[in-house]
Amino acid sequence: MMAQLQYVQRALYLVGVCFRHLLEILWERARRSPGVPGPQRLRSLLEELGGSFLKFGQILSLQVDTLPREYCDALLNLLDRVPPFGRDAVRKVFVEEFGKPPEELYREFNYQTLASASIGQVHRAVLKDSTVVAVKVQRPEVQEIFRRDAALLRLFVRVVFALKIRTLYFMRDPVHEFNDWLVDELDYRREAAYGEALGRNARETPTEIVPRIHWALTTSRVLTMDFLEGYSVMEYLRLAEKGSGEAQRKLQGIGFDPPLFIANVVNNFLSDAFRYGIFHADLHPANLLILKNNVVGYVDFGIVGHLTPEARRKQIQLSMAYARGKTEEIFSAFLNVSTLTPGVDLAGFRRELERRVQQWYQEPAVGGVPHLQRSLTVAMFDLLALCRSYGLLVDREMIKYIRSLMLVDGLVSRLSPGLDLTPQIRKVCEDFLAREAQNKLLSPGAALSFLADLCGWLSADPAQMLRAMERIERRQARSQPREYPGSDLGEEIRTRTLAAGAVWVTLAIAALWNRQMISLGALPFSGYIFIGTWGAWTIWLVSLLRRLART
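Small disclaimer: the values here were computed from a predicted structure and weren't measured.

**Student:** Explanation requested: the overall build of the chain in the structure shown.
**Tutor:** Counting its regular elements, the chain contains 22 helices and twelve strands. By residue count, 47% of the 551 residues in the chain fall in the buried class. Residue pairs in contact within the chain that sit at least 24 positions apart in sequence constitute 69% of those at least 6 positions apart. Total accessible area on the chain stands at roughly 28000 Å², and carbon and sulfur atoms take up 56% of it.

**Student:** Whenever I open this one, unusual backbone geometry confuses me. Can you help?
**Tutor:** Among all residues except glycine, the phi angle is most often negative; among peptide bonds, the trans geometry is most common. A positive phi angle, near 65°, is found at E141, a position not held by glycine. In this structure, E141 sits in the loop between β3 (132-138) and α7 (142-162). E141 gets classed as exposed once you look at its relative accessible area, which sits at 65%. Of note, N294 is a non-glycine position whose phi angle comes to about 65°, a positive value. Along the polypeptide, N294 turns up in the loop between β8 (288-290) and β9 (296-298). A residue is classified by how much of its surface remains accessible, and N294, at 3% relative accessible area, is buried.

**Student:** Just checking my understanding: could you explain the environment of V142 for this structure?
**Tutor:** Tracing the backbone through its elements, the reader meets V142 in helix α7. You can call V142 buried: its relative accessible area is 4%. For the pair V142 and G51, spaced 91 residues apart in sequence, the C-alpha to C-alpha distance is 6.9 Å. In contact with V142, other than residues within four places in its own chain, are S118, I119 and L186.

**Student:** Explain helix α14 (residues 327-336) here, please?
**Tutor:** The periodicity of an α-helix, 3.6 residues per turn, causes residues three or four positions apart to be oriented the same way. All of the buried residues along α14 are T327, I330, F331, A333 and F334. Buried positions in α14, seen along its axis, are confined to an arc of 165° and lie on one side of it.

**Student:** Can you walk me through the sheet that holds β3 in this structure?
**Tutor:** Two orientations exist for strands paired in a sheet by backbone hydrogen bonds: parallel and antiparallel. Reading across from one edge, β1-β2-β3-β5 is the order of the four strands in this open sheet, with antiparallel pairing throughout. Each of the sheet's edge strands pairs with one partner strand only, and the pair in question is β1 (108-116) and β5 (222-226). Neighbour to neighbour, the strand axes of the sheet diverge by 30° on average, direction disregarded. For strand β2 (residues 120-126) and β3, the ladder comprises seven bridges, and the chain directions are antiparallel. When the sheet's bridge partners are listed, V126 is paired in β3 with V132.

**Student:** What is the right way to read the sheet that holds strand β6 (residues 231-232) from this model?
**Tutor:** Taken in spatial order, the four strands make up an open sheet running β4-β9-β8-β6, and their pairing is mixed. Of all the strands in the sheet, just β4 (208-209) and β6 have a single pairing partner and so form its edges. With three bridges joining them, β8 and β9 adopt antiparallel strand pairing. Residue pairing for β9: I290 is matched across the bridge by V296.

**Student:** In this structure, what is going on with the packing of aromatic side chains? I would like to understand it.
**Tutor:** Two numbers describe a pair of aromatic rings. These are the distance of the centres and the angle of the planes. One pass over the full model with this rule turns up twelve aromatic pairs. When the ring of F349 is compared with that of Y390, the centres are 6.5 Å apart and the planes differ by 70°; the resulting orientation is edge-to-face. Here Y390 lies in helix α16 (residues 376-390) and F349 lies in helix α15 (residues 346-360), a separation of 41 residues in the sequence. Site record: aromatic cluster; members linked through ring pairs are F94, F98, Y106, F109 and Y111. Positioned above the aromatic ring of Y111 is the side chain of R87, whose terminal nitrogen or guanidinium carbon lies 4.0 Å from the ring centre. Its guanidinium or amino end placed over the ring of F227, R124 lies 5.4 Å from that ring's centre, counting from NZ or CZ.

**Student:** Explain the environment of F301 to me, please; I cannot follow it from the model alone.
**Tutor:** Turning to its location among the elements, F301 is positioned in the loop between β9 and β10 (304-306). Along the chain, F301 and L198 lie 103 residues apart, while their C-alpha atoms are 8.6 Å from each other. In this structure, F301 is in contact with E191, Y194, G195, L198, V210, P211, I213, M225 and H280, ignoring residues within four places of it in sequence.

**Student:** Where do I start with a nonpolar patch on the surface in this structure?
**Tutor:** Where nonpolar side chains cluster on the molecular surface, the patch consists of F19, L22, L23 and L26 and spans about 390 Å² of accessible area. Note that F19 resides in helix α1 (residues 2-31).

**Student:** What am I meant to see in the pairing of β5 here?
**Tutor:** Side chains on a regular strand alternate between the two faces of the sheet. The element β5 is extensively covered by neighbouring structure, given that five of its five residues are classed as buried. Note: β3 against β5, five bridges, orientation antiparallel. Opposite V137, over in β5, you have V222 as the bridge partner.

**Student:** I keep staring at the nonpolar core and nothing clicks. Help me out?
**Tutor:** A general tendency of soluble globular proteins is for nonpolar side chains to be buried together. F301, Y322, F334, L353 and W360 are the most contacted members of the largest nonpolar core, which has 83 residues in total. Grouped together as the second largest cluster of nonpolar side chains are 15 residues, A125, V133, V137 and V222 included.

**Student:** Can you help me understand the pattern of salt bridges in this one?
**Tutor:** If the charged atoms of two oppositely charged side chains come close together, the side chains can form a pair. Under the defined criterion, the tally for this structure stands at 22 salt bridges. Between R41 and E24 there is a salt bridge, with the nearest N and O atoms lying 2.4 Å from each other. Of this pair, R41 sits in helix α2 (residues 38-49) while E24 sits in helix α1, placing them 17 residues apart in sequence. Residue R41 is classed as buried on the basis of its relative accessible area, which comes to 8%. According to the relative accessible area criterion, E24 is partly exposed, its value standing at 31%. Ionic pairing is found between E354 and R350, a salt bridge with its closest N-O pair at 3.1 Å. Separated by four residues within a single helix, E354 and R350 lie in helix α15, roughly one turn from each other.

What counts, and at which threshold
All residue numbers here refer to positions counted from 1 along the written sequence of the relevant chain. Whole-chain, interface and lining totals are the exception, using all residues; otherwise, since this is a predicted model, local features are given only for residues with pLDDT of at least 70 and side-chain atom pairs are given and counted only at 80 or more. Heavy atoms from the whole structure form the basis of all side-chain values; hydrogens and water molecules are not counted. Every helix listed is a DSSP run of H or I at least four residues long, and every strand listed is a run of E at least two residues long, numbered separately from the N terminus. Relative accessibility decides the category of a residue: with a 1.4 Å probe and only protein chains considered, values under 20% of the type maximum give buried, values over 50% give exposed, and everything between is partly exposed. By definition, residues are in contact when any of their heavy atoms lie within 4.5 Å. We get accessible surface area from the Shrake-Rupley algorithm with a probe of 1.4 Å; when it comes to residues, only the shown protein chains can shield them. Within this analysis, the arc is defined by the directions that extend from the helix axis to the C-beta atoms. The pairing criterion is simple: DSSP has to find at least two bridges between the two strands. Interaxial angle, 0 to 180 degrees, is taken between N-to-C directions of lines fitted to C-alpha atoms, where a helix line uses only the stretch in contact. Geometry of aromatic contacts follows a simple scheme: Phe, Tyr and Trp rings, the Trp one being its six-membered ring, pair when their centres are within 6.5 Å, and the pair is stacked under 30 degrees between planes, edge-to-face over 60, tilted otherwise. Charge-over-ring contacts are defined here by two conditions on Lys NZ or Arg CZ: a distance within 6 Å of the ring centre and an angle within 35 degrees of the ring normal. Exposure above 30% relative accessible area and the absence of a salt bridge qualify a residue for a patch, where like charges join within 9 Å and nonpolar side chains (Val, Leu, Ile, Met, Phe, Trp, Tyr) within 5 Å. When a carboxyl oxygen of Asp or Glu lies within 4 Å of a side-chain nitrogen of Lys or Arg, that pair is called a salt bridge. Take the buried residues of types Ala, Val, Leu, Ile, Met, Phe, Trp, Tyr and Cys, join any two whose side-chain atoms come within 4.5 Å, and each joined set is a nonpolar core.

Written as structure tokens, this is what we have:
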């Protein structure tokens, strides 16, 4: 009963705050006084509502193409400048989590906040081994506030479906996804685990760095990680607005190039999603650091996307469809990531999509490559609106991906206005597909399959394999058979060929299991010896095959 009463109190509080702000607006208009500007009014309203509404404001702050610029600028401070909580509250969290205040756990702990957002705030500290760390501390009572908001949103969705308000059916999956985000974001141990997984994957990507997690000083409400030195994108935007020449020179000194930095963000995001099925899904300016040579540093892992292998295929198809700008491909890709409702109108969806595509892309294509003349965010919003209008529900596992693309597009509008993301997305997709095909071709399974085929060809008809090779190399099938006296010689050649083929395949499998031996990057001396041996063996094997074919 007490829990239900708290939910009612939260609902009444939300209604009361909104109603009070509405009355203030009406009173200002009645008096014809300027009052509080609209952007500041919206920001203060969201700050007062707190909880999930702060997260909503963070998302809106990057949507320059869908909201007036002054509103987005006012909401930017919700990313890292939400009013912080005080020293006593910080100490209380530590005592509840560790039984000790921070002074006893760290050699140094600075109570002054570096950044403060909707769920927690960040402090700088030094471990007893002199490691500089960033410590994230959760806001008091924030878990209860977010859980009540989640429950109210679930109730709202139930009412929508009970009353059969079909135009709001699209709210179902975003609300479910939002509730899943809460489970992850409100438990810093989950965030730490995501950070550790992203860090392992980042070792193979030179353009991203994820800080190391310190588990001994991490709980569900406190997170300790290595401190990354660098400007956040949020700091850069504020410095650019103020025209700070010294800060600009410092960034130029580390080679900061906004278009290249954005390209690295896109490449990291898509590569992580395609290769590993896990990606950072909260790419707003306060979560990204500008490091030397445009390397991207990540400092928040509260929202991470997961994709099954099937979903990755759908994601690639959707990304390539956008990059190519072809109506049929976009239509097919969106059908693959959507669920059809009973009242779906695919013909109407297809017609309206064709009309919208003509508005999104420049005509004619530049050099045969389509370019967006409207932002990616606008195109995504248009597509989601079409889905709602014509009875399609986007799958839940794709919502984080679409949201992440919108956040990246928001970064583009801030850092490099006018930059077209479609060529970059297309390049990443094509590179991944080419690498995947190469890996499959060079996989141990492919080598074993080749060995089985080779044995089959040798035992059945070696001449058939030779003729196939000649067709590929010469596009003709002429051969000059030559007679060898006696059948013993033919049997001897067959035995040698089988042995040489087995050794060749064994060498191929050994190379595949230790690809460093044949790496084109830093090839060791042993690698050159191996390649030379393998090449000579290949020439001898082909010579034996030719002789065997003529017996």
